[in-house]
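# A closer look at the structure
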Amino acid sequence: MPESRRLVLLAGVFLLTLVNLTQSGPIALRTPEDWDNVPSFGDRLLKKRSPTVSERPGCKEGATIPPNRVNTTKRLIDLRIQMDLYNVSAYIVTSDNAHQGEEVAPHDHRREFICGLSGSSGTAVITKDAAAVWTDGRYFLQAENELDCNWILMKDGEAGVPNITAWLREVLKTDEKVAADPTLIGTTTWQRYDKDLAPIKFEPLLTNLIDVIWTTGRPPVNTEPGFILHLNYSGESWQDKVDRLRAELPKQGADALVITALDEVAWLLNIRGSDVPNHPVLLAYMYVSSTQLVLFAETSKISSPEMQTHLTGVTQRPYDRFVAELPDLAQSASMVLIPSQFVYTGGASYAVYNAIPETKRLLKPSPVLMMKAKKNTVEAEGMMNAHLKDAVALCDVISLMVEEIPKGVRWDELKVSAELLKYRAQQEVNKGASFNTIAGYGPNGAIIHYSASEETNAVIGTTSLFLLDSGGQYFDGTTDVTRTLHFGTPTAAQIKAYTLVLMGHLDLARLVFPKTTRDARVDVLARAPLFDQGLDYLHGTGHGIGHFGSIHESPTRVALGSSVENTFFENYFFSDEPGYYKAGDFGIRIESILRVIPTTFSTEFPDRFFRFQAVTLVPFERKLIDVTMLSDGQIDYVNDYYVLVRQKVGAEMTKQNRTRAYNWLISQTEPLMLPEPVNKGVSIANKQVWVGIWTQLFISMFVVFKFY
C-alpha cells in the first residue's frame, strides 16, 4: 500500500476512534481551560456532549407519564416573554430565598414553580430555546418523575454532565447576557458564575421574573409572630452570646458583622418563629459591631410586649430596609465581615455584599456558625431529652404498624406521616416536625428524598422494605432519625443489603479517634462494607444538626470528597446515615444522631481522643439483620445499645403507660446472638464446656493419687 494511502487510512481510523470514545461525536473546545476538563485517554479523549431531553427515560416514545409530573409549558412561555422584555438570553432560578438557606417557605419556591422539581436542592436555567435543571444524587429519580419533557436533567457529579456555566458557554454566543436576582444567589456563587461565564455578561436583575409571572396559586407569606426561647432551653442569654461574638470579631480581622442566615439570628437572640415550615426561624437580618446591634424584622413579628422586653437594647428596623441601610451602618466600621458560603450555609447574597463599600468587605465564614454548633450543657442535655421523647413517639407508631399491617389493616405512606405528627405532638414541648417525613415503601424508598403525595401514595405491604426518615422539633432539641422496616418475611437479598448498611452505620458509631481528625475522612468507615460488595450511595453520610433549629447545621459534613473539611468539637451533634438504594425495588437507610464527647485512656495519650455517644434510641429492624455477617465488636455495640434503649426508652414508655410500644421495644432489643453451629449434635460452645469439665476432673484425680 502506498505511504500516502496508509496515512489517510490511519487518520480515518483515528477520527473514528475519537467519535466512538465521545459516544456522540467530538465537540469544539472553546477555550484553553476546556482542556483541563478533558478525560484521560483511557476514559475518553474528547468531552461528551451535554445531556439532552431525548436521553431521559421518561421522555422516550411510549414512556409512561408519572402522575406527579408537572406541565411547565405555559410557565416557560410566560418567562421567555419577560426575558425578551429585559433583553436576557438566559435566566438562572435558584432554590434559595434571600437568606440562602436550605429550607425556604412555600412562597419562595420559585425554582419548583418554574420546573416542577420539589426537592430542596436544584438550580434551573432557562434560555430562549432550552431549559435545564441541575440537582444532586438525592433527587435524580424524583427529578425524572417530576420534570416534564421541556427540561434537560443535569445530574451533578456524573460523567459528561457540564456545570451551569460550562453549559451556558456551550449554548450561548459571547455577546449574549445571563441574568439572575442578586438577592437570591450567594456572593461566592455569584462571583464564580461571573468569572466562569466571561466573556458572556452576567448581570443582576432586581426585578424577579418568576415573581412577575407567578400571579395565581402562590402560597401567602406567614403572618404568625415570633417567640422567645427562654433560658431554661437556650442555656445562655443573648447578651452573653453577643459579648462573645464581639470579642471574636477582632480575631477574625473585622469590627462589624452582617448576619443573614436565619438560624444564626434565631440562635444569637434566643428567638424563634414560624416563617419557614418545620424550621423555627423568623425572616430577619442583623448587623453587629462594638457599638451597634440592629435587628431587621417585620414589626408585627416582634411587637408583643414580652418580645419587646426580651429585645431591650436591640435597635429594630423594618425587614425590607436591610440592604438599603447597610451603607450607612458600615460607615463607622473599618472592616465588615460578610458571611461566605460554608458547607450548608449559603452565605450573604450578592446584593448584601454589594451594599458594603468595597474597601470594607471581608468575605469569610460567619463566626456565629461555629459558636452555634458547639452546644452548651443545657442545649446538649436538651438534645438528649428531645431524642428520648422522640424515640417514644416513633416506637409507638412502629409498634402499631407491626400489629396492624400483617392483619390487613391499611397503612399508606401519607397515613404514616400523619400518625407521626399526632404521636410526636403528644410529647412535651413538641413544635411539630423538623422536616417533611420521608416515608417510602418499595420503589418509593429508592428515591432518596422521596415525598409522598396523593398521586404517588403507596400502600405499605409485607413483601418489600419501608424506609421511614422523620424528625421533630422540640423546645429542647431537634431530632432526625431513619429506620428501615419490613412487615413480612424479608428475602435473603434484602437481609444482606440491610446488614451491609448496618455494618457501616455501626463502624462509624463506635469509632474512637484523635481530636484532630477531619469530619469528611471518617465517611469511608460507613461505606466500606458496601464498597467491598461494589455498592455505594449518592449522598453524604452525616450532617450537623441544630438545637431547636436547622436539620442540616454547618460545619459538620461527613462526606467523601467534600471540598471543606472540619474537625470535631465536644458537643457537636451530627447524623450517621449510610444507605443503599436499588432503583425500582427498595431503599435502605439507617440514621442515628451522635454526640461528640471526650474519652480518656491510661496511656501516654490520656486526653487525645474523642468518641461518639448514641443520641437516637430506636432499635434496628431485627428480622433484617444477618448476625453472621457482623463482627464481634459490632455485635457488642448493638447489644450495649439495646441495654441503653431498654433502660431509657423503656422507662419513659412505662412512665407514659405505652404498653404496646414497650412490649414491641423489649421484643426488638433482645441481645443479638450468633447461631450455634451444629457438629454431630454438639456445638463448639458445648464442646468447650465439656473439655473444661474433663480437664478439671483429670487434674483433681491426679492431685488425689499424687498427694493422698
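Summary of the structure given here. (Residues numbered from 1 in each chain as written. Predicted model: local features only at pLDDT ≥ 70, side-chain atom pairs only at ≥ 80, totals over all residues. Heavy atoms only, no water.)

### A word on the state of the cysteines
Taken as a whole and judged by the stated rule, the model has one disulfide. Put simply, C59 and C149 are joined by a disulfide, and their sulfur atoms are 2.1 Å apart. In this structure the cystine formed by C59 and C149 twists about its S-S bond by roughly -100°; its chirality is therefore left-handed. Of this pair, C59 sits in the loop between α1 (3-22) and α2 (73-85) while C149 sits in the loop between α4 (140-146) and β4 (152-155), and the two are 90 residues apart along the sequence. Using a relative accessible area of 19% as the deciding quantity, one classes C59 as buried. Taking the relative accessible area as the measure of exposure, C149 reaches 37% and is therefore partly exposed. (Disulfide = S-S within 2.5 Å. Helix = DSSP H or I, 4+ residues; strand = E, 2+ residues; numbered from the N terminus. Buried < 20%, exposed > 50% of the residue type's maximum accessible area, 1.4 Å probe, protein only.)

### A word on helix α19 (residues 632-655)
The first and last C-alpha atoms of α19 sit 34 Å apart over 24 residues, in line with the 34 Å expected at 1.5 Å per residue. At R646, α19 shows its largest kink, close to 25°. Looking at the buried side of α19, the elements it contacts are α15 (377-404), β20 (481-485), α17 (492-509), β28 (609-614) and α20 (659-668). The first or second residue beyond α19 is N657, which carries a positive phi of 60°. (Expected span 1.5 Å × (residues − 1). Bend = angle between axes of the 7 residues up to and from the residue. Contact = heavy atoms within 4.5 Å.)

### Quick look at the packing of aromatic side chains
Counted by the stated rule, this structure contains 27 aromatic pairs. Each ring, one from Y637 and one from Y641, has its centre 6.4 Å from the other, and the planes form 10°; the classification is stacked. Of this pair, Y637 and Y641 are both found in helix α19, four residues apart, which corresponds to roughly one turn of the helix. A relative accessible area of 19% means that Y637 is categorised as buried. (Phe/Tyr/Trp six-rings, centres within 6.5 Å; stacked < 30°, edge-to-face > 60°.)

In short, the description is geometric, and any link to function would need to be established separately.
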